[in-house]
Amino acid sequence: MFDVIVVGAGPTGLMLAAELRLHEVRVLVLDRDAQPTRVVRSLGLHARSIEVMDQRGLLERFLEHGKQRPVGGFFAGIDKPTPARLDGAHGYVLAIRQPVTDRLLAERAVELGAELRRGHEVVGLEQDDTGVDVTLADGTTLRSRYAVGCDGGRSTVRKLLGIGFPGEPAGVETLLGEMEVDAPPETLAAVTAEVRKTEQRFGFLPLGDGVYRVLVPAEGVAEDRAVAPTIEEFRQRLRAVAGADFGVRSPRWLSRFGDATRLAERYRAGRVLLAGDAAHVHPPTGGQGLNLGVQDAFNLGWKLAAEVSGWAPDGLLDTYEAERRPVAADVLDTTRAQMELMSAEPGPRAVRRLLAELMDFEVVHRHLIGKITALDVRYDFGEGHELLGRRMRDVRLERGRLYELTRAGRGLLLDQTGRLSVGGWADRVDHVVDVSEELDVPAVLLRPDGHVAWVGADQRDLLDHLPRWFGAA
Ligand SMILES: Cc1cc2nc3c(=O)[nH]c(=O)nc-3n(C[C@H](O)[C@H](O)[C@H](O)COP(=O)(O)OP(=O)(O)OC[C@H]3O[C@@H](n4cnc5c(N)ncnc54)[C@H](O)[C@@H]3O)c2cc1C
């Protein structure tokens, strides 16, 4: 029997599997597709996800495959330089194609000991007091103590649990693909500039060797978006929208996506949880979906591991939904706002011009970019120091730097006083005595996801706070 079955080997499921393996949880990841998809959806990681990779020692691998781009123009595509003084060491977008991100995360999960089985579609779920029976399309049943649906926007797990997915259905659909194009680059650039005056869902992004990433509005909304469009559909739509098909041919892959915005009513039903697109969907504007899913997994992994290991305090697992669902709700709202700002109608265009002016005020721009990068996320841990509930940025220490101490995914007491102790929690919480010129508090207690759980200098107060996140001594 497995401890956890993760349904879906997208970025969310793979990140979760890796996090669980840090704590020796026996993990099986199942994916319906026999091979990883070639479709390139996400094009990048934002600052908080880059930090997450750094916290787990994966940053080098990602930097090797990505390019650093400015984050300034990301909010609704309003062209601005990256604001100065972003809180953190990674004030850029790491441009990296989703299949590469997925591959790096799969390698990491498997390296750590997760079992990954592709070509296994989950079609049924039954749970009782001790575990979950997961049924596959071939009739096999597998049992685990917990299961997590990371199976994307059309999540079978969510449907099997009967969890509602309210929100707005897709109103428009967009065709996306990579293909060769005959027309010269100057023509494509000029046409793109002209069409985008009134239609943002259009473009030819050069990828080299005459291959382009092509984006064009579909005619309506397909009954079944899982059915890929044909190259002929691209030609027709290009002719309809831009007057020519530009000689598009030899597609590498073709896909379609909609603009539905939905949030799961709950993230948990008993022993089964939801994460990533299975729990929330929104249009790709701002480039946040993959980032949100990876960060869901980062929040959930250690909590579920604590539950499996038997030391989780009461209610710890429920803090996953309590913390992450409001973050997703905020991303959905920010995305809705960006979609309005990208409309070609005169009213929204006027609001966009006004907002572009306001973004010249550094504080406004930083606020909006904080939402895109997720550096502004603060979980509600109650009243207290301004760091409480926020993720701790990386800081230089006398001996190294903070994120180098968080590789193992354990709790961490960073103690500048040298007088504190983690007492009976040493098996779950590392105690590091070191100092940093960038840290003006005596000591911080970090959860395994790097969020600040306590700030202070008082041993008794620390011992009062440890059980909330790390259970009984
Ligand atoms: C055009 C486009 C551009 C985007 N750009 C960005 C961007 O720049 N930045 C960003 O952060 N996000 C972006 N996104 C969003 C991002 O692609 C998704 O949010 C992300 O892939 C979600 O990851 P996931 O692991 O939750 O789900 P998915 O990536 O959808 O993975 C789900 C997995 O579950 C498997 N599965 C499904 N059903 C079953 C089943 N019954 N049994 C077993 N396996 C199953 C699937 O095969 C799949 O591998 C974009 C999306 C689109 C459409």
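Model, not experiment: these values are computed from the prediction.

Caption draft 1: Focus on the overall build of the chain. Looking only at helices and strands, the chain has 12 helices and 24 strands in total. Computed over its C-alpha atoms, the radius of gyration of the chain comes to 23 Å, within 12% of the 23 Å expected for a compact globule of 473 residues. In terms of overall dimensions, the chain has a C-alpha envelope of 70 × 60 × 40 Å along the principal axes. Out of the 473 residues in the chain, the part that is buried amounts to 51%. Within the chain, residue pairs in contact and separated by at least 24 positions form 71% of the contacts whose partners lie at least 6 positions apart. Here the chain displays about 20,300 Å² of accessible surface, and carbon together with sulfur accounts for 50% of that area. Of the side-chain charges in the chain, 60 are positive and 71 negative, and the distance between the mean point of each set is 2 Å.

Caption draft 2: Local environment of the site of the ligand. Taken together, 31 residues are adjacent to the ligand, and Asp 31, Arg 41, Gln 98, Asp 277 and Asn 291 come closest. One of the backbone N or O atoms of Pro 11 is found 3.3 Å from an oxygen atom in the ligand. Look at the ligand: alone it shows 1,000 Å² of surface, and the protein chains cover 89% of it. Of all the elements in the fold, those that place two or more residues in the shell around the ligand are helix 1 (11-21), strand 2 (27-31) and helix 8 (289-309). In terms of residue count, helix 8 provides more of the shell around the ligand than any other element does, three residues in total.

Caption draft 3: Helix 4 (residues 98-111), seen in detail. Taking 1.5 Å of rise per residue, 14 residues should cover 20 Å, and helix 4 covers 20 Å from first to last C-alpha, within 8% of that figure. Residues of helix 4 that are buried: Gln 98, Thr 101, Asp 102, Leu 104, Leu 105, Ala 106, Arg 108 and Ala 109. Looking at the buried positions of helix 4, the neighbouring elements they touch are helix 1, helix 2 (47-55), helix 3 (59-65), strand 6 (115-118) and helix 8. Positive backbone phi, approximately 110°, marks Gly 113, located one or two places after helix 4.

Caption draft 4: Fine view of the nonpolar core. One finds Val 4, Leu 20, Phe 62, Val 148, Leu 304 and Leu 445 to be the most contacted residues of the largest nonpolar core, which totals 94 residues. When residues in this core are grouped by element, the largest group, 11 residues, is from helix 8. Counting only domains with at least three residues in this core, you end up with domain 1 (2-167 + 262-373) and domain 3 (396-470). Not counting the four nearest positions on each side in its chain, Leu 304 is found in contact with Val 4, Leu 20, Tyr 146, Val 148, Leu 273 and Leu 317.

Caption draft 5: Region of interest: the sheet that holds strand 5 (residues 93-95). Strand order across the open sheet formed by three strands is 3-5-4, with antiparallel pairing between neighbours. Two strands lie at the open edges of the sheet, namely strand 3 (44-45) and strand 4 (67-69), each paired on one side alone. As paired elements, strand 3 and strand 5 share two bridges and run antiparallel to each other. Across the sheet, residue Leu 45 finds its bridge partner in strand 5, namely Leu 94.

Caption draft 6: Representation of the packing of helix 8 against helix 9 (residues 318-341). Packing of helix 8 against helix 9 brings their axes to within 10 Å, and their N-to-C directions diverge by 170°. Considering the angle they form, helix 8 stands roughly antiparallel to helix 9. Across the interface between the two elements, Leu 292, Gln 295, Asp 296, Asn 299, Leu 300 and Lys 303 from helix 8 touch Thr 319, Tyr 320, Glu 323, Arg 324, Val 327, Ala 328 and Val 331 from helix 9. Partitioning the contact of helix 8 with helix 9 into residue classes produces six nonpolar, three polar and four charged.

Caption draft 7: Region of the structure containing a nonpolar patch on the surface. Judged by side-chain polarity, Leu 354, Leu 358, Phe 361 and Val 363 come together as a nonpolar surface patch covering roughly 400 Å² of accessible area. Mapped onto the elements of the fold, Leu 358 is located in helix 10 (residues 346-358). Overall, Leu 358 belongs to the partly exposed group, its relative accessible area being 39%.

Caption draft 8: Layout of the domain arrangement of the chain. You can read the domains of the chain as domain 1 (2-167 + 262-373), domain 2 (173-258) and domain 3 (396-470). Taken over C-alpha atoms, the centre of domain 1 sits 27 Å from the centre of domain 2. Each partner contributes residues to the interface: domain 1 has 11 residues there, and domain 2 has 13 residues. The interface formed by domain 1 and domain 2 includes one salt bridge. For Glu 178, the salt bridge is made with Arg 97, and the minimal N-O distance between the two is 2.9 Å. Connecting domain 1 to domain 2 are six residue pairs in polar contact (both at pLDDT 80 or more). Looking at the side of domain 1 that touches domain 2, its residues break down into six nonpolar, no polar and five charged.

Caption draft 9: A look at the packing of aromatic side chains. Tallied over the entire structure, the rule returns eight aromatic pairs. When the centroid spacing of 5.2 Å and the interplanar angle of 75° are considered together, the rings of Phe 204 and Phe 246 count as edge-to-face. Placement of the pair is Phe 204 in strand 12 (residues 203-208) and Phe 246 in the loop between helix 7 (231-242) and strand 14 (249-258), with a sequence separation of 42 residues. A relative accessible area of 9% means that Phe 204 is categorised as buried. A residue is classified by how much of its surface remains accessible, and Phe 246, at 9% relative accessible area, is buried. With centroids separated by 6.3 Å and ring planes inclined at 40°, the aromatic side chains of Tyr 379 and Phe 381 adopt a geometry described as tilted. Accessibility classification places Tyr 379 together with Phe 381 in one group, the buried group. Aromatic rings pair up to connect Phe 202, Phe 204, Tyr 212 and Phe 246 into one cluster.

Caption draft 10: Geometry of the environment of Glu 398. Tracing the chain through its elements places Glu 398 in the loop between strand 19 (396-397) and strand 20 (400-401). Exposure remark for Glu 398: the relative accessible area of 63% places this residue in the exposed category. Remark: the alpha-carbon pair of Glu 398 and Pro 251, spanning 147 residues in sequence, is separated by 53 Å. Ignoring sequence-local partners within four residues, the contact set of Glu 398 consists of Asp 434 and Val 435.

Scoring rules and cut-offs
Residues numbered from 1 in each chain as written. Predicted model: local features only at pLDDT ≥ 70, side-chain atom pairs only at ≥ 80, totals over all residues. Heavy atoms only, no water. Helix = DSSP H or I, 4+ residues; strand = E, 2+ residues; numbered from the N terminus. Rg over C-alpha atoms; globule rule 2.2 N^0.38 Å. Buried < 20%, exposed > 50% of the residue type's maximum accessible area, 1.4 Å probe, protein only. Contact = heavy atoms within 4.5 Å. Areas by Shrake-Rupley, 256 points an atom, 1.4 Å probe, with all protein chains shown as cover. Lys, Arg positive; Asp, Glu negative; His and termini not counted. Charge placed at Lys NZ, Arg CZ, Asp CG, Glu CD. Near = heavy atom within 4 Å. Polar contact = N/O pair within 3.5 Å; in protein donor to acceptor, adjacent residues only side chain to side chain. Expected span 1.5 Å × (residues − 1). Core = buried A, V, L, I, M, F, W, Y, C linked by side-chain atoms within 4.5 Å. Domains from an automatic or database assignment. Pairing = 2+ DSSP bridges. Axes fitted to C-alpha atoms, helices over the stretch in contact; angles between N-to-C directions. Parallel < 35°, antiparallel > 145°, perpendicular 65-115°, else oblique. Nonpolar A, V, L, I, M, F, W, Y, C, P; charged D, E, K, R; others polar. Patch = residues over 30% accessible without salt bridge, like charges linked within 9 Å, V, L, I, M, F, W, Y side chains within 5 Å. Salt bridge = Lys/Arg side-chain N within 4 Å of Asp/Glu carboxyl O. Phe/Tyr/Trp six-rings, centres within 6.5 Å; stacked < 30°, edge-to-face > 60°.

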